[in-house]
Amino acid sequence: MNCRKLLSTIVLPLFLLLFSTAVWAQSKTITGRVVDAAGAGIPGVTVAAKGQNLATSSSETGEFTIVVPASATTLVFSSVGYGTQEFTIGTNTAATVTLSQLAGNLNEVVVVGYGTQRRRDVTGSVTTITTKDFNKGINTTPEQLIQGKVAGVQITSNGGAPGSGSVIRIRGGASLNASNDPLIVIDNVPVSNSGIAGSANILNTINPNDIESFNILKDASATAIYGSRASNGVILITTKKGSRGDKLRVNYNVVGSIAKRTNEIDVLSGDEIRKYVNENGTAAQKSLLGSANTDWQSLIFREAFTHEHNLSISGGFKPLPYRLSLGYLNQDGILKTSHMDRTSASLGLFPSLFDRHLNITINGKATHTKNRFADEGAIGSAISFDPTQQPYQKGGGFAGYFEWIDSTSGKPNLLSNRNPLALLNLVRNVSWVNRFIGNAQFDYKFHFLPDLKLNVNLGYDHQQGEGTILVPSVAATQLVQATRVNGTGDIYDAVNKNKLLEAYLNYTKKIEAIRSRIDLTGGYSYQDFQYENTNYPPYDVNGKLAPTATLPVFPFNFNQQTLISYYGRLNYVLNEKYIVNATVRRDASSIFSKENRWGTFPAVSFAWRIKDEGFLKNSNLFSDLKLRIGYGITGQQDITGSAGFYPYIPGYFTSDSSSLYPFGDTYYSTYSPKPYNADLKWEETETINAGLDFGFFNGRLNGSVDVFRKTSRDLLATVAFPVTTNFSNEFIKNVGSFKADGIELTINATPVKTRDFTWDLGFNATYIDREITQLNDVTPEDFLGYPQGGINGGTGNRIQVHSVGYTPNTFFVYQQVYGADNKPVEGLYVDQNGDGIINERDLYRYKSPQPSTTLGFNSQFGYKKVSLGFSLRSNLDNYLYSNLNSHQGVGRSILNPLNFLGNSTRNVLETGFTNNQYFSDYYISNASFLKMDYLSLGVDLGKLGGTNSSLRLTANIQNVFTVTKYKGLDPENFSGVDNQVYPRPRIYSLGINLDY
């Protein structure tokens, strides 16, 4: 981060603050605190001077300070989920205001695509999560804040590595092989889900502490305004802002944590290996035994420390609110040598000009992330490496680490596992990722027609990743490569650019004569994505070209994708009870040919506010009752990961450095035709949604229930092509359709509410049934399906399948036969078709890796200034294939015929298998689970020594416990294939929040 830029972003707000002193010479300063019925401070409450067009917001502990003109008479306090409260100023300069909770406040503003709506006017399925609802503890990426909080949203982390990403699915996704990731919009800038070299997760470049709220759009009537990128739902992220008339506010938050490994893969000990080899091995194999009892897993893991600091400065005077934040995260991983270091800065300016007819929003967020990636292959090696051997070998030629030697060549055994510690300590894989994402949005209300507004949004997202992978020549991984005798010094870098131009007109009008309100929006969007990767030749560890290296034919690869869109929306409200919403968007994508480039995506929805009908208006039982019905079509074109950026164009690609053609003393690159499909067209998803929002007892109990069906047609999937019909055996094609039926339930309640004690709880449940209904040109009887789910072991083995009539990625296995002792019989399976031969025709479809039901439960207790909260999450009816046991749980893993010894999971003692039985359904188990994601305790200490500073202390435990019958390391695995995974640690953290 450029120091000059940082100084300028700090000096500007401070200058404006000093200038504001003169402006407010005739003013009054009012300080105070906003609390709930239990006396706990409420953060984020809007404190406004009535009739003065200025406001501020309360701090994390509920404290506020506002400077108002001497003529101001009343302060208005409002917050999402609470009733509005007014305070008469008079001669008062201090105020303590208590807000009553009204869960599901109908007048709260909800962010939707290209605008906002009142909650009472929303006709689609939209869920809002704000700061007070976020998960507690160390959350290094934004999606961790809402895990388990929203019905229909499944978030599964990819492991416990620092900054690792997550798989996010809204209502199960809508495609087979095209992207199932939701569209993410950050401060009105839609971002690409594509990663960048050097980053494990591009979302970890956004500081979660800058986020104010998430709005999740789930059904087509809510998402269709985003058209071609909305089939998988939309997540709108809004960051924190300054407030008009706010005095300088400084907030500092620091959190320190310790992460610990909770368990390990159950493998045989050194003594058990010696016993097994002595009973089953040859004389040569027995001679390879060592005398140690090495716990390799304990050697590669550690307790890891993390500390995070966040400083924010906010304020403003009448024309210019602002907010500046600085953040620093230093996180060690529990796998030795893994580490992430992130520095972030964010600046927001929100001026209003021309008597607030022109509102400008300028947001800029910059991050610098440094990663050291541990070689996660060390986890697999720690499981499979011989525990009878010592980690180190005196006088060894591999930097002192023990390695298995090929007796013929004297080099490391080519096929044996590498020493786990050597993989971690001798490989240095580091990266640097810089990201800037910002936008300038101009919202102008026409002077001659105040009901008409013009909104112009200019956005830019720039990502740059670079890194090096250094491996010395003494490492065993290098000594088996003849072309890298001087070690490895690979270099990579990439640049991603995302440019956005959007403009729309919005007309709103209340027509009293016919008791109607109309809200009409029409706009245009242009978004261009560019991806550039530099092509480097192979270097050695000293930065010199490898012996057989040649310079790349092209210095870099460049790809581009462009989207152009036109959209419109009409929201009509009659008599404040009947709401109709109609949307249409027309998109063009450069992914498709001219004949198939454009797609049209309409949606319509209706809501009936039953509570406002005469027969319920005065009801003391119902506080809300609204029926919603919606229908819409959204599109899908995100196939660049598997098909490239120009899948409809025939072309050629060059060979890499391992496939050069020698001619004399010179090596030349070759050219090969790439596969293509000129007939590719839009995948479309049709959604029908019916929902009921309800509230009882003045909002003390409220929630919603939604029933939906999604039908995706012209599925974009990777399929096999007949021989001679394309230049690859697999490529993208529109292949068929599938449907997903589901139901969602959300309930929020406040069972107890007294002056000193409050108990709030939330519950959500989702059931989804997904089924492939058609695959083009085939029938279920003569087509087994499209193989999926690659596994460790063998060559090209896949354990899952896409088949008509089944859930996507259903397991495709043999049915195991068991003996009289109830143990599986090695190599013996049920002959499903009775032909006397066991072959692929006897494979059957068995269970699914995706849960049919997901549950979330959270609760918060408040007693005076102390709060206690926790969150639980559950997946039901999800199954896992134990690739660890199928690959490592056999005798062959110990007694390898290639002159080295290994280890096995303890499962070998249960099965007695000598050889791998990869396709046995024995290895598929129910992995349903219940997890407590966090347990949090907070103490609000209030004012410090009569100053304007307030202090809050927090203590958290994350990944508290897991209840499951699954015998593996962790039952939570999105892919359904359980092989070596970076374990999710248990994290203990302490935090201090100081607000001034």
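No experiment lies behind these values; they were computed from the predicted model shown.

1. Observations concerning the overall build of the protein chain
In terms of regular secondary structure, the protein chain is built from 12 helices and 56 strands. Relative to a compact globule of 996 residues, whose C-alpha radius of gyration would be 30 Å, the protein chain shows 30 Å and is just as compact. With the C-alpha coordinates of the protein chain rotated into their principal frame, the extents come out at 95 × 65 × 65 Å. Taken across its 996 residues, the protein chain has 55% of its residues classed as buried. Sequence-distant contacts in the protein chain: of pairs separated by 6 or more residues, those separated by 24 or more amount to 70%. Total accessible area computed for the protein chain in this model is approximately 41500 Å², and 56% of it derives from carbon and sulfur atoms. Counting 88 positive and 83 negative side-chain charges, the protein chain places the averaged centre of each group 8 Å from the other.

2. Observations regarding the side chain of T127
With respect to the helices, strands and loops of the structure, T127 is situated in strand β10 (residues 126-130). Filtering out sequence-adjacent residues up to four positions away, T127 remains in contact with V150, F214, N215, I216 and K218.

3. What to know about the packing of aromatic side chains
Under the criterion given, the structure shown has 28 aromatic pairs. For the ring pair Y524 and Y566, a centre distance of 5.3 Å and an interplane angle of 55° mean the geometry is tilted. Note that Y524 is positioned in strand β26 (residues 516-534) and Y566 in strand β27 (residues 556-574), a separation of 42 residues in sequence. Residue Y524 is classed as partly exposed on the basis of its relative accessible area, which comes to 28%. Each residue in the set Y114, Y226, Y504 and Y567 is aromatic and connected to the rest through ring pairs, giving one cluster.

4. What about unusual backbone geometry?
One non-glycine residue, F697, lies in positive phi territory at about 55°. Mapped onto the elements of the fold, F697 is located in the loop between β35 (683-696) and β36 (701-713). Phi at N809 is positive, roughly 65°, even though this residue is not glycine. Topologically, N809 is positioned in the loop between β42 (798-802) and β43 (810-813).

5. What to know about the nonpolar core
Formed by 41 residues in total, the largest nonpolar core has its most connected members in V277, I300, L335, I379 and I894. Residues within four places of I894 in sequence aside, it is in contact with L268, I273, Y276, V277, F900, L901, G902, N903 and S904. Counting 22 residues, the second largest nonpolar core, distinct from the first, contains I146, V153, I168 and I437.

6. Brief notes about the pattern of salt bridges
On inspection of all chains with the given rule, the structure shows 44 salt bridges. Residue E403 pairs with R418 through a salt bridge whose shortest N-O separation is 3.4 Å. Highlighted residues: E403 in the loop between α6 (377-384) and α7 (420-425) and R418 in the loop between α6 and α7, separated in sequence by 15 residues. Close ionic contact of R628 with D706 constitutes a salt bridge, the shortest N to O distance being 3.1 Å. Of the two residues, R628 sits in strand β30 (residues 622-636) while D706 sits in strand β36, which places them 78 residues apart along the sequence.

7. Notes on a nonpolar patch on the surface
Together, V580, V604, F606, Y631 and I688 line one region of the surface with nonpolar side chains, adding up to about 380 Å² of accessible area. Assignment of secondary structure puts I688 in strand β35.

8. Quick notes on the sheet that holds β43
The strands that make up a sheet pair up through hydrogen bonds in the backbone, lying either parallel or antiparallel. Taken together, the 4 strands give an open sheet; going across it, the order is β41-β42-β43-β46, and neighbouring strands pair in antiparallel fashion. Unpaired on one side and paired on the other, β41 (786-790) and β46 (844-846) mark the two borders of the sheet. The mean inter-strand angle of the sheet, taken between neighbouring strand axes irrespective of direction, is 45°. Bridging between β43 and β46 involves 3 bridges; their strand directions are antiparallel. Along β46, the bridge assignment pairs V813 with Y844.

9. A few points about α6
Extensive coverage of α6 is indicated by the burial of 7 of its 8 residues. Residues of α6 that are buried sit in contact with α5 (296-300), α7 and α10 (883-888).

10. Points about helix α3 (residues 270-280)
Among all positions in α3, only G270, I273, R274, Y276 and V277 are buried. Buried residues along α3 cover an arc of 165° about the axis, so they all sit on one side. Residues of α3 that are exposed and point more than 90 degrees away from the buried face comprise K275 and E279. Looking at the buried positions of α3, the neighbouring elements they touch are α4 (283-286), α11 (891-894), β50 (895-896) and β51 (900-901).

11. A look at the environment of N903
Summarising the element assignment, N903 is placed in the loop between β51 and α12 (907-911). Accessibility expressed as a relative area gives 2% for N903, which makes it buried. Between the C-alpha atom of N903 and that of K28, which follows or precedes it by 875 residues, the distance is 75 Å. In this structure, N903 is in contact with V267, L268, I273, I383, S384, F385, P387, Q888, S893 and I894, ignoring residues within four places of it in sequence.

12. With respect to the sheet that holds strand β55 (residues 977-978)
Strand order in the open sheet formed by 3 strands is β52-β49-β55, with mixed pairing between adjacent strands. Among the strands making up the open sheet, the edge pair consists of β52 (924-926) and β55. Sheet topology note: the strand β49 (residues 879-882)/β52 ladder contains 3 bridges and is antiparallel. Residue pairing across strands places Y879 opposite N926, the latter belonging to β52.

13. Concerning the environment of V813
Position of V813 among the secondary structure elements: in strand β43. Judged by relative accessible area, V813 falls into the buried class, the value being 0%. Once the C-alpha coordinates of V813 and D341 are considered, the two residues, 472 residues apart in sequence, prove to be 43 Å apart. If sequence neighbours within four positions are ignored, V813 has contacts with I799, D842, L843, Y844, Y846, F919, S920, D921 and I924.

14. Structural notes on the side chain of S852
Checked against the element boundaries, S852 lands in the loop between β46 and β47 (853-863). Beyond its immediate stretch of four places on either side in the chain, S852 contacts T766, Y767, I768, L876 and D877.

15. Quick notes on the pairing of strand β22 (residues 358-373)
With 11 bridges connecting them, strand β20 (residues 339-349) and β22 associate as antiparallel partners. The residue bridging G348 from the neighbouring strand is N363, located in β22. As judged from the 2 bridges shared by strand β21 (residues 352-353) and β22, these two strands associate in the antiparallel manner. Looking across to β22, one finds that L353 is bridged to L358. If you look at the hairpin formed by β21 and β22, you'll find 4 residues sitting between the two strands, and F354 has a positive phi there, around 55°. By the bridge criterion, 16 bridges tie β22 to strand β23 (residues 428-445) in an arrangement that is antiparallel. From the neighbouring strand, T367 faces β23, where its bridge partner is R435.

16. Let's talk about the pairing of β26
Relative to β26, strand β25 (residues 488-511) is paired through 18 bridges, and the arrangement is antiparallel. Bridged to L500 within β26 is Q527. The turn linking β25 back onto β26 is made up of 4 residues, and R515 within it adopts a positive phi angle of 50°. Where β26 meets β27, 19 bridges bridge the pair, whose relative direction is antiparallel. By the bridge assignment, T534 is partnered in β27 with F556.

17. Here's the deal with the confidence of the model for the protein chain
Low pLDDT means the predicted atomic positions in that stretch should not be read closely. Residue-level pLDDT values for the protein chain average 87, and 91% of them are 70 or greater. Within the model, the stretch residues 1-25 combines pLDDT values under 50 with 22 contacts to residues more than four positions away or in other chains.

18. Regarding the environment of N776
Mapped onto the elements of the fold, N776 is located in the loop between β40 (757-775) and β41. By relative accessible area, which is 25% here, N776 ends up partly exposed. Spatially, the C-alpha atoms of N776 and S27 are 73 Å apart, while their sequence positions differ by 749 residues. The contact partners of N776, leaving out residues within four places of it in the chain, are N734, V735 and G736.

Cut-off values and rules
Residues numbered from 1 in each chain as written. Predicted model: local features only at pLDDT ≥ 70, side-chain atom pairs only at ≥ 80, totals over all residues. Heavy atoms only, no water. Helix = DSSP H or I, 4+ residues; strand = E, 2+ residues; numbered from the N terminus. Rg over C-alpha atoms; globule rule 2.2 N^0.38 Å. Buried < 20%, exposed > 50% of the residue type's maximum accessible area, 1.4 Å probe, protein only. Contact = heavy atoms within 4.5 Å. Areas by Shrake-Rupley, 256 points an atom, 1.4 Å probe, with all protein chains shown as cover. Lys, Arg positive; Asp, Glu negative; His and termini not counted. Charge placed at Lys NZ, Arg CZ, Asp CG, Glu CD. Phe/Tyr/Trp six-rings, centres within 6.5 Å; stacked < 30°, edge-to-face > 60°. Core = buried A, V, L, I, M, F, W, Y, C linked by side-chain atoms within 4.5 Å. Salt bridge = Lys/Arg side-chain N within 4 Å of Asp/Glu carboxyl O. Patch = residues over 30% accessible without salt bridge, like charges linked within 9 Å, V, L, I, M, F, W, Y side chains within 5 Å. Pairing = 2+ DSSP bridges. Axes fitted to C-alpha atoms, helices over the stretch in contact; angles between N-to-C directions. Arc of directions from axis to C-beta. pLDDT = per-residue confidence, 0-100.

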